[in-house]
Protein chains: 4
Amino acid sequence: MPEVLFPLDSQKSFTEQEKLGHNRWHPEIPPVATVKPGDSFRVECREWFDGAIRNDDSAEDIRDAPLNSVHTLSGPFSVKGAKPGDLLIVDILDIGPIPQEEGPLAGQGWGYTGIFAQNNGGGFLTEQFPDAYKAIWDFSGQTATSRHIPGVSFTGMVHPGLMGTAPSADLLKTWNKREGDLIATDPQRVPPLALPPEPDSAILGGVPGGEFSRVSSEAARTAPPRENGGNQDIKNLTKGSRVFYPVFVEGGKLSVGDLHFSQGDGEITFCGAIEMGGYIDLHVDIIPGGMETYGVSENAIFMPGRTDPQYSEWLAFSGTSVTLEGEQRYLDSQLAYQRAILHAIDYLTTFGYTPEQAYLLLGAAPIEGRFSGVVDIPNSCATVYIPTEIFDFEVRPTADGPTQVSGGMPVPTAANPAL
Amino acid sequence: MPEVLFPLDSQKSFTEQEKLGHNRWHPEIPPVATVKPGDSFRVECREWFDGAIRNDDSAEDIRDAPLNSVHTLSGPFSVKGAKPGDLLIVDILDIGPIPQEEGPLAGQGWGYTGIFAQNNGGGFLTEQFPDAYKAIWDFSGQTATSRHIPGVSFTGMVHPGLMGTAPSADLLKTWNKREGDLIATDPQRVPPLALPPEPDSAILGGVPGGEFSRVSSEAARTAPPRENGGNQDIKNLTKGSRVFYPVFVEGGKLSVGDLHFSQGDGEITFCGAIEMGGYIDLHVDIIPGGMETYGVSENAIFMPGRTDPQYSEWLAFSGTSVTLEGEQRYLDSQLAYQRAILHAIDYLTTFGYTPEQAYLLLGAAPIEGRFSGVVDIPNSCATVYIPTEIFDFEVRPTADGPTQVSGGMPVPTAANPAL
Amino acid sequence: MPEVLFPLDSQKSFTEQEKLGHNRWHPEIPPVATVKPGDSFRVECREWFDGAIRNDDSAEDIRDAPLNSVHTLSGPFSVKGAKPGDLLIVDILDIGPIPQEEGPLAGQGWGYTGIFAQNNGGGFLTEQFPDAYKAIWDFSGQTATSRHIPGVSFTGMVHPGLMGTAPSADLLKTWNKREGDLIATDPQRVPPLALPPEPDSAILGGVPGGEFSRVSSEAARTAPPRENGGNQDIKNLTKGSRVFYPVFVEGGKLSVGDLHFSQGDGEITFCGAIEMGGYIDLHVDIIPGGMETYGVSENAIFMPGRTDPQYSEWLAFSGTSVTLEGEQRYLDSQLAYQRAILHAIDYLTTFGYTPEQAYLLLGAAPIEGRFSGVVDIPNSCATVYIPTEIFDFEVRPTADGPTQVSGGMPVPTAANPAL
Amino acid sequence: MPEVLFPLDSQKSFTEQEKLGHNRWHPEIPPVATVKPGDSFRVECREWFDGAIRNDDSAEDIRDAPLNSVHTLSGPFSVKGAKPGDLLIVDILDIGPIPQEEGPLAGQGWGYTGIFAQNNGGGFLTEQFPDAYKAIWDFSGQTATSRHIPGVSFTGMVHPGLMGTAPSADLLKTWNKREGDLIATDPQRVPPLALPPEPDSAILGGVPGGEFSRVSSEAARTAPPRENGGNQDIKNLTKGSRVFYPVFVEGGKLSVGDLHFSQGDGEITFCGAIEMGGYIDLHVDIIPGGMETYGVSENAIFMPGRTDPQYSEWLAFSGTSVTLEGEQRYLDSQLAYQRAILHAIDYLTTFGYTPEQAYLLLGAAPIEGRFSGVVDIPNSCATVYIPTEIFDFEVRPTADGPTQVSGGMPVPTAANPAL
């Protein structure tokens, strides 16, 4: 069975481990290990905040979350013979929370979903939800339940939120240029438009001390997905998936982290998945020259696995690109999806959920979010589908009206101090 | 079995039929029939261009498509007892192309997908595809194939592109105001930002002659989806679906049209579905006061059917909110989906498809388009999933490289005369 | 769209129609039409008892059902060029009840399920259910409900219970020989072990009068499935299925009938499906010499369609090959399935259903019946899976105990006069 | 995460472990541990032959397999408060092969499927396959491939072949009586009709030495499934399943073993699943008095999990109850399934597989075996469905004829010495 190439000890912080990972993208971060095409190996992954979020009933940890320190990535792994222009085939053989451990670290039998405060990260609906909130989820086999959100349980779609190859020096420059240009259009915005390189809290694996300062000032933040895959937060990258990554540097330099026990499409609360540490088993191979052969140069393509949880009854909500204030926007699917989500939240609150509970639930449960119409000027139409089978009460509209959920603790909240 | 409340004769144009439908939204359009809660009935629907598009190998009809005349809607149907504030339950019992007819009208055994010219409608990728293109699809039972796109066949997800209730006078004013405001920001734009009321080619059912001029100058165009449902182009509204529409006027005044034999998420080529005429069997009921009870006031909510075609192997592409020119945009899912689609097109062209063939295929086949990440500043991540089983060749990336499709006629093309 | 090659008038009996079908298998029954490979065509089908069963609340029609007259088959259709040794490819393009008709004939908006009396047909559990029972099902789009079985509704899996090619003269002799040998082992058994050729009520299409007597005394009854396909009652032969039949005579001579709106695996009540008349659209083609090429000589092979109703939560029961009296049998899967069904019936009666209601429901609903263990001496293990989503109440075991169904008329019953 | 209540050391034999399991059913076998309702715990399981089968290319180990020693069960586990008449709820939280081990024991990264020789176990098609055969399967994540069966790979449906509660003394007597009566009808049969209590190789956990002789002569063999669940070999008891077992003794006394990486319906080669050791995580609860409340007294009922591998294209074969020699049997589904399997084997051999390869494949791959018609006298109709996506070549019938598989080692064979 797969050798553990990147072991983690749950008792130690990310920087005290046997092998040191990284939390920035840079081509000069040296590999922690080299594997061959055809190899299978296990990688242990730290939850993205390195243990800063606790299994308790306060949201102060979310309010004060150390955003500069994310994401704690395991790797990079160099694949022998991989050359720029190749496609790196990565099979996700297995993935799960930390095996057989109980404890205070997310992944040890539990995980969390957070809504970030507007001045510390924000999120999809940050104007409607400017404060910090948290929900704790308990794992029982494949199933998640929360003491903070009564009446629901669902089968997780475990996946890595973040996986990707290293950028070349040129590609890194392109990222920094285009993101810097965007930031420059409104540098004081809260939350910011993008995150520039940030030496504070940078972890760069084996980058030598003499280079650390330069590299940390060049290295890209891990928040956005980019040409190398990265923080795609694709809930469908479950067990059995095969991903094809472009190779930009010798060896490809694959890294992975930010494991999620479950997530809805969009990871809408920013920290919307159920965050955890755990393990992932990978198998790698190469298609030499595959980037040109298949026209794949700036995105990871993939084939999802076959064992995602099956639900067969869904309740769906739609939204269009009109703002809450009634302003018409032109074919804005991002806005349309926000409106669809808000419609779903409005609906769920008639069953007794607070808006925060509904929002946290939609971030974490296996909901589907689809581009339904993207051309019918001026309105995009986005739809969100919630499996009715995750509720233990009748959630469909009936002549009897909504039953009221009961039980459950209040959602932990921490007021945004900037408000 | 359901009585035909809105019959159509394929030999006659939309305005020559026994009952006259409409192609604008207005509360004063009188019902063509009144039904009771609990009733089932059949509605026949005209293809949206009333027969202007032909089963041939030229795209001139698409280039010159009469956009002012759409959509030819059947209805409105008044539901006895439905009052503003209610939810109207509409079950789609059955839906299909024109039964047992062969002929020159879309829906008579065939349908079409079009890419509109940039100066006559445009579409999702109109900058990359400024000319007009067309593909004809033949129906064999549930299956669609095209002489213009070799190597594929798929099971249709038949659905109504457009269904909805009538707006109240106030709601109509809101629509006209907000869309007018948007148009006013760039009135000369081609394609336009939105479509204002347009008396030319307006069809208003039984609106009396004396009111026609006023009503036609107020009535909303049918292109966009809005609070009443409308042109949502939700591919999942298949047989067995239940939709809950807000009721804004007495009787609800339900109308339906724009049937699609199949469609991918987004209906990306604008006329991206396989367009056809046909029939739809509906069952209606009411939840009195349901809008407030369930917090549903400005969107149709729905439960998809259980008999959508099952595919179990998918090839997926991702895109982020960076323009083709390399400019970074802020969390723009519309753009991210465009980039995902362009990546899919790039990939398919390595198998010998022309970009037009690939684009038309992605509009019509049952592809899934998902909001994968909407919070990872500055990049949204959108993903598009193509079922591999619709191809009759190996479409997955392999070390052998892509096989080349053969056969098939060239895609009909008509140059954009404005270029 | 497909030409109707075998039209039926619902006002007339099977023998008064424009084209005359048949209710026996014999190679000399001449084709009613000849089609070419690649052709599509529509066949209308009569319900199997030719209208003898009524939409009422008595089971006397079931008790006295004219078993000698079944099955009323449409055809045969000769496929040009098909020769013995070929495989005949038959695609089921579409299938459904009688379009747009309401009336007294099964298929006109309704269908029935029956339990035959032990002395007139019997059934899977005839010792436990020796009398006659009936349930009427109403169709609403794809959905079936019954006034005789409250609390359930389900999406039908419409399929032909019976389809097949004509036997050669030799094959027919083989059938008559082997079935006659079986009957001879217990000729007085009630119900009988098998059904010999029976001139009474025989319908033989265009067999000339001079040959009628001989042919009717040779022709095989249609009850059992055999090498030619025939009455397989495979619920998975739904829309979109492709079947490969062995060809035993020139032209293949395909016939079809016994349409079912829905059925559970096994069609356990004998007339366990929801019986109806309707239409089926077929497409045919040939693989020359395919029988030897693919080793297919004595069974129809097939590929089910992709649009069967999706259910994702099931409640399952198991049974082993021990009789109700406690006698151990050796690896008898037939018995094990009986016991699994009886366990399911026992369970459902704790919710207030009568045993007859439960039995009729299991015959008609889309239940799955599987061979789970067939080698663990001495007990076979059979399992039956019921989708929980077809019930409108909580049907899973809980600490609260079973709720009681209410409403619904008593199941029509007619005592077995022989008892 | 779940505490390991029954640990196993792969270096030691079953009887040398820290806790001693059992391989017979008897109410007096004392519990190895006691759990409370609501508890979750891990149980490690030995492969059923305790390591007698090797990862090599000989079938001598299968030919000589020590059948008296099976099945090596972990348990029993007593559930506090469970009383006769209760239903014991068992949730399968997780299940898999031996984590992170490679080695010579089945479950350490590999498993096996065997065909037993007719004089040492036999199997479903023992007359056609009287010798011993073996196939070795390698695990890569969820996927199984075999060096002995080229051209296929599939996602496993991991499940326990055997789980159940202890019989009461009365129930045990019933078993021994009825099975003894069956054996007495043909005591010399090879293979035997059933397996009587057998002191040789009996393992009885903590049964005290003074009682061992008596208990071993009374204890039931574990081969057949019975009222307590037992060796049901239900492939659908995958992760996420919930099983409700009747409780016959104080504490219920649950035992489990015989883990399978995958299996087709029927486990047709006897040792037809992919056999392995591994772990299973269970959660238990009680419905007091549930046996009477729900009418569940002599079978385990269950709800399968939601994460079984999805396949969407199937090739199916049918069989009827006519013997290979042409003798007609009366509604014999066991025979019908044998014939369906033989038809599938005949088909696969036209692609170059040997009959043994095809038979072993059908035992191990996730094929579906259904009771299609059980009432159409005199022929039962059974069907078997093979997912086409498990083959890496075109396995559907086409005009081009079957391609030929290549590669793969010969299937290990050991001649039946009795022949």
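Quick caveat, the model's predicted, so the values are computed rather than measured.

Q: So what's going on with the overall build of chain A? Which residues, and what values?
A: Counting its secondary structure elements, chain A contains 6 helices and 21 strands. For 419 residues, the compact-globule estimate of 2.2 N^0.38 gives 22 Å, and chain A sits close to it at 21 Å. Its C-alpha atoms give chain A principal-axis dimensions of roughly 65 × 50 × 45 Å. When the 419 residues of chain A are sorted by exposure, 64% land in the buried category. In chain A, of all internal contacts separated by at least 6 residues, the share reaching a separation of at least 24 is 78%.

Q: Which residues make up the relation of the copies chain D and chain C, and what values do they have?
A: It takes a turn of 180 degrees to lay chain D on chain C, together with a shift of 0.0 Å along the axis; the resulting RMSD is 0.0 Å. What the rotation and shift describe, once combined, is the action of a two-fold rotation axis. For chain D, the smallest separation between a C-alpha atom and the rotation axis is recorded for D:Arg370, amounting to 2.2 Å. Comparing interface residues between copies, 99% of those in chain D also lie at the interface in chain C; the contact surface is shared.

Q: Describe helix H2 (residues 169-184) of chain B, with residues and values.
A: All names here are of chain B. The end-to-end C-alpha distance of H2 is 22 Å, a good match for the 22 Å that 16 residues give at a rise of 1.5 Å each. Taken together, the buried positions of H2 are occupied by Leu171, Leu172, Trp175, Glu179 and Leu182. Buried residues of H2, viewed axially, fall in a sector of 100 degrees; they line one side. Opposite the buried face of H2, by more than 90 degrees, sit the exposed residues Asp170, Lys177 and Ala184.

Q: Tell me what's going on with the domain arrangement of chain A, and back it up with residues and numbers.
A: Residue and element names in this part refer to chain A. Under the domain assignment, chain A is made up of domain 1 (3-303) and domain 2 (314-411). Relative placement of domain 1 and domain 2: their C-alpha centres are 27 Å apart. On the side of domain 2, 27 residues touch domain 1, which itself brings 30 residues to the contact. Its residues placed into classes, the side of domain 1 that touches domain 2 shows 15 nonpolar, 10 polar and 5 charged.

Q: Go over the pairing of strand E8 (residues 143-146) of chain C with me, naming the residues and quoting the values.
A: Residue and element names in this part refer to chain C. When strand E7 (residues 132-140) meets E8, the two strands line up antiparallel, connected through 4 bridges. Following the sheet pairing, Ser140 is matched in E8 by Thr143. With antiparallel pairing between neighbouring strands as the criterion, E7 and E8 make up a hairpin whose turn holds 2 residues, including Gly141 at a positive phi of roughly 60 degrees. Bridging between E8 and strand E9 (residues 149-155) involves 3 bridges; their strand directions are antiparallel.

Q: Just give me the short version of the interface of chain D and chain C, but keep the residues and values in it.
A: With 84 residues of chain D at the contact, the number on the chain C side is 83 residues. Among the secondary structure elements, those contributing two or more residues to the side of chain D that touches chain C are helix H2 (169-184), strand E11 (225-226), helix H4 (290-293), strand E17 (301-303), strand E18 (314-320), helix H5 (333-349), strand E19 (368-373) and strand E20 (381-387) of chain D. Partitioning the side of chain D that touches chain C into residue classes produces 41 nonpolar, 27 polar and 16 charged.

Q: I'd like a description of the packing of helix H5 (residues 333-349) of chain C against H5(D), backed by residues and values.
A: The interhelical angle for the contact between H5(C) and H5(D), taken along N-to-C directions, is 115 degrees, at an axis separation of 6 Å. Of H5(D), the residues touching H5(C) (which contributes C:Ser333, C:Gln334 and C:Tyr337) are D:Ser333, D:Gln334 and D:Tyr337.

Q: Mind laying out the environment of D:Lys80, listing which residues take part and the relevant values?
A: Residues and elements named next belong to chain D. Along the polypeptide, Lys80 turns up in the loop between strand E4 (73-79) and strand E5 (87-97). Along the chain, Lys80 and Asp285 lie 205 residues apart, while their C-alpha atoms are 9.6 Å from each other. Non-local contacts of Lys80, meaning those with residues more than four positions away in its chain, are made with Thr34, Val35, Lys36 and Pro37.

Q: Go over the interface of chain B and chain A, please, and point to the residues and values.
A: Contact with chain B, which involves 84 residues of that partner, is made by 83 residues of chain A. Class assignment for the residues of the side of chain B that touches chain A results in 40 nonpolar, 28 polar and 16 charged.

Q: Explain the relation of the copies chain B and chain A to me, using residue names and the numbers behind them.
A: When chain B is fitted to chain A, the residual RMSD is 0.0 Å, and the transformation amounts to a turn of 180 degrees plus an axial shift of 0.0 Å. A symmetric contact is evident, with 99% of the interface residues of chain B recurring at the interface of chain A.

Q: Please give an account of the pairing of strand E6 (residues 110-115) of chain D that cites residues and values.
A: Residue and element names in this part refer to chain D. By the criterion of burial, E6 is predominantly enclosed, with 6 of the 6 residues buried. With burial as the criterion, each face of E6 is covered, one bearing Trp110, Tyr112 and Gly114 and the other bearing Gly111, Thr113 and Ile115. Here E6 pairs with strand E7 (residues 132-140) via 6 bridges, running antiparallel. Looking across to E7, one finds that Tyr112 is bridged to Ile136.

Q: Account for helix H6 (residues 355-364) of chain A, naming residues and giving values.
A: Residue and element names in this part refer to chain A. Counting buried residues along H6, 9 of its 10 residues qualify, which places the element largely inside the surrounding structure. Along H6, the positions that sit buried rather than exposed are Glu356, Gln357, Ala358, Tyr359, Leu360, Leu361, Leu362, Gly363 and Ala364. On its buried face, H6 sits against strand E6 (110-115), strand E7 (132-140), strand E9 (149-155), strand E15 (270-275) and helix H5 (333-349).

Q: Explain unusual backbone geometry residue by residue, including any values.
A: Cis geometry marks the peptide bond from B:Val70 to B:His71, where omega comes out at -15 degrees. Along the chain, the position of B:His71 falls in the loop between helix H1 (60-63) and strand E4 (74-79). The peptide bond linking D:Gly75 to D:Pro76 adopts the cis configuration, its omega dihedral lying at 0 degrees. A positive phi is found at B:Asp258, a non-glycine position, where the angle reads about 60 degrees. Mapped onto the secondary structure, B:Asp258 falls in strand E14 (residues 254-260). A tally of 27 C-beta atoms within 10 Å means that B:Asp258 is categorised as buried.

Q: Break down the environment of D:Met163 for me, with residues and values.
A: Residues and elements named next belong to chain D. In this structure, Met163 sits in strand E10 (residues 159-164). Judged by the 32 C-beta atoms lying within 10 Å of it, Met163 is buried. Along the primary structure Met163 and Thr34 are separated by 129 residues, whereas in three dimensions their C-alpha atoms are 17 Å apart. When residues no more than four places from it in sequence are discounted, the contact partners of Met163 are Gly229, Val243 and Val256.

Q: Describe the environment of A:Leu171, naming the residues involved and giving the relevant values.
A: All names here are of chain A. Structurally, Leu171 can be placed in helix H2 (residues 169-184). Counting along the chain gives 56 residues from Leu171 to Glu227, while the straight-line C-alpha distance between them is 8.6 Å. Once you skip the residues sitting within four places of it in the chain, Leu171 turns out to touch Glu227 and Phe248.

Rules behind the numbers
- Residues numbered from 1 in each chain as written.
- Chains lettered and ligands numbered in written order.
- Predicted model: local features only at pLDDT ≥ 70, side-chain atom pairs only at ≥ 80, totals over all residues.
- Helix = DSSP H or I, 4+ residues; strand = E, 2+ residues; numbered from the N terminus.
- Rg over C-alpha atoms; globule rule 2.2 N^0.38 Å.
- Buried ≥ 20, exposed ≤ 12 C-beta atoms within 10 Å, placed from the backbone.
- Contact = placed C-beta atoms within 7 Å.
- Least-squares fit on C-alpha atoms with pLDDT ≥ 70 in both.
- Expected span 1.5 Å × (residues − 1).
- Arc of directions from axis to C-beta.
- Domains from an automatic or database assignment.
- Nonpolar A, V, L, I, M, F, W, Y, C, P; charged D, E, K, R; others polar.
- Pairing = 2+ DSSP bridges.
- Axes fitted to C-alpha atoms, helices over the stretch in contact; angles between N-to-C directions.

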